[in-house]
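Spelled out, the chains give:
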Amino acid sequence: AVGAAAMEEPAAHNGSAAGAAPGAGTAARPPATPEGMALAYGSLVLMALLPIFFGALRSVSCAKSKNSSEMPETITSRDAARFPIVASCTLLGLYLFFKIFSQEYINLLLSMYFFVLGILALSHTISPMMNRFFPANFPNKQYQLLFTQGSGESKEEIVNYEFDTKDLVCLALSSVVGVWYLLRKHWIANNLFGLAFSLNGVELLHLNNVSTGCILLGGLFIYDVFWVFGTNVMVTVAKSFEAPIKLVFPQDLLEKGLEADNFAMLGLGDIVIPGIFIALLLRFDISLKKNTHTYFYTSFVAYIFGLGLTIFIMHIFKHAQPALLYLVPACIGFPLLVALAKGEVTEMFSYESSAEILPHTPRLTHFPTVSGSPASLADSMQQKLSCPRRRRQQSPSAM
């Protein structure tokens, strides 16, 4: 719910190696140099583009792979309309929690929670890449973690987690990053988890059509503008929330190196929300069967333009900006203009992602949490699909 956090210029990040408290010492800090700001904002833009680009590509593979256990979750128009309301309630609840209770204990619980989710998300992200490094004769054993409820005829699977030795290696590597983040709250570890959450979100959260995407982006456009410009809730929570829900990059890296602590930041929602819309347009491009990715590249360039405009406005007015204020019109408007020029508006709005590429994509009936599920669950998935009494395992996602 805090994913659409504003992009902010210089904000103290409580996940720095120095362990600075939110906002502590901000007034005493020297202003960031032009070189430092350019490096920080350029790095944030690059880090935002990577999960969108690769997440969109993986969303196509995920949708086309009928035997994959990594089944995407489809967001319908009802889910899209409800999401800003749920997000607002959650954001306000977090704000009140930070005002009433000790921030130290809240962030301790959040750190443990995101420690587990981050390991699973990062493991799922690096698994396809790591498989290329294993030799052909690698001893790959299969394992299963089964948790059921009830007995006899009423027995129901709650968790059926199958994995192999390669998955354990990925989990072990991800755990190293997790321990590093838990102990030091270093900004690099934070970003590794943030990138993993973003890529998982773009890959596994699918909009069913363009109309739903417009509803979701339009609702979160209002949500982001209100909570950033109308109140101090968004910025306060973003500064106080000690969890990898934002990407950060130090503006004083050139002066202090890896121990830098004067951060610019970008909320993960400003990556995932436009990212799932861009991924939808990539799947629409493929459905046209013209061997072109016109709408994907148009929306991708539109995202770069919108994010660049966010940084420019923020730099001019020296105030935190709701990035979706600029990203939503760009990501919707640019592809729509291209569709008008090509006479494909009807095709764009009649395209159904779940019906064309993945007929049995499950409907999103709740807002997902990140969980782990390696690609080796294909056989288990087939068994569960053939048994209507058993509950299918929840897909991993981000946000």
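Residues numbered from 1 in each chain as written. Predicted model: local features only at pLDDT ≥ 70, side-chain atom pairs only at ≥ 80, totals over all residues. Heavy atoms only, no water.

For the protein chain, an unreviewed UniProt entry supplies the name HM13 protein and the organism Scytalopus superciliaris.

For the pair helix α6 (residues 210–230) and helix α9 (residues 269–288), the least separation of the axes is 10 Å and the interaxial angle reads 165 degrees. If you check the angle between α6 and α9, you find them roughly antiparallel. Judged by the sense of rotation from one axis to the other, the crossing of α6 with α9 is left-handed. Seen from α6, the contacting residues are Val210, Gly213, Cys214, Leu216, Leu217, Leu220 and Asp224; seen from α9, they are Asp270, Ile273, Ile276, Phe277, Leu280 and Leu281. Counted by class, the contact of α6 with α9 contains 10 nonpolar, one polar and two charged residues. (Axes fitted to C-alpha atoms, helices over the stretch in contact; angles between N-to-C directions. Helix = DSSP H or I, 4+ residues; strand = E, 2+ residues; numbered from the N terminus. Parallel < 35°, antiparallel > 145°, perpendicular 65-115°, else oblique. Left-handed = near helix turned anticlockwise from the far one by under 90°. Contact = heavy atoms within 4.5 Å. Nonpolar A, V, L, I, M, F, W, Y, C, P; charged D, E, K, R; others polar.)

On to the environment of Glu73, then. Following the sequence through the fold, Glu73 ends up in strand β2 (residues 73–75). Classification of Glu73 by relative accessible area gives buried; the value is 4%. Sequence separation between Glu73 and His206 is 133 residues; the distance between their C-alpha atoms is 5.9 Å. (Buried < 20%, exposed > 50% of the residue type's maximum accessible area, 1.4 Å probe, protein only.)

The next point concerns the packing of aromatic side chains. Throughout the structure, instances matching the rule amount to 16 aromatic pairs. Aromatic pair Phe134 and Phe138: ring centres 4.8 Å apart, planes at 55 degrees, arrangement tilted. Residue classification places Phe134 among the buried positions, given a relative accessible area of 14%. Since its relative accessible area comes to 23%, Phe138 is described here as partly exposed. Arranged with centres 5.3 Å apart and planes meeting at 70 degrees, the rings of Trp187 and Phe249 form a pair that is edge-to-face. In this pair, Trp187 is assigned in helix α5 (residues 187–204) and Phe249 in strand β6 (residues 246–250), connecting sequence segments 62 residues apart. The class for Trp187 is buried, based on a relative accessible area of 5%. Aromatic rings pair up to connect Phe53, Phe54, Phe296, Tyr297 and Phe300 into one cluster. Seen from the ring of Tyr181, Lys185 lies directly overhead, with NZ or CZ sitting 5.6 Å from the centre. (Phe/Tyr/Trp six-rings, centres within 6.5 Å; stacked < 30°, edge-to-face > 60°. Lys NZ or Arg CZ within 6 Å of the ring centre and 35° of its normal.)

Among the surface-exposed residues, Leu92, Leu96, Phe97, Ile100 and Phe101 lie close enough to one another that they form a single nonpolar patch of about 490 Å² accessible area. Relative to the helices and strands, Leu96 resides in helix α2 (residues 77–100). (Patch = residues over 30% accessible without salt bridge, like charges linked within 9 Å, V, L, I, M, F, W, Y side chains within 5 Å. Areas by Shrake-Rupley, 256 points an atom, 1.4 Å probe, with all protein chains shown as cover. Salt bridge = Lys/Arg side-chain N within 4 Å of Asp/Glu carboxyl O.)

Bridge count for strand β3 (residues 142–149) against strand β4 (residues 156–164) is eight bridges, and the pairing is antiparallel. Directly across from Phe147, in β4, lies its bridge partner Val159. (Pairing = 2+ DSSP bridges.)

Here the focus is the pairing of β6. For β6, a buried count of five out of five residues is recorded, marking the element as mostly surrounded by other parts of the structure. Side chains of β6 alternate between two faces, with Lys246, Val248 and Pro250 and Leu247 and Phe249 buried alike. Two elements, β6 and strand β7 (residues 262–267), share five bridges in a ladder whose sense is antiparallel. Looking across to β7, one finds that Pro250 is bridged to Phe263.

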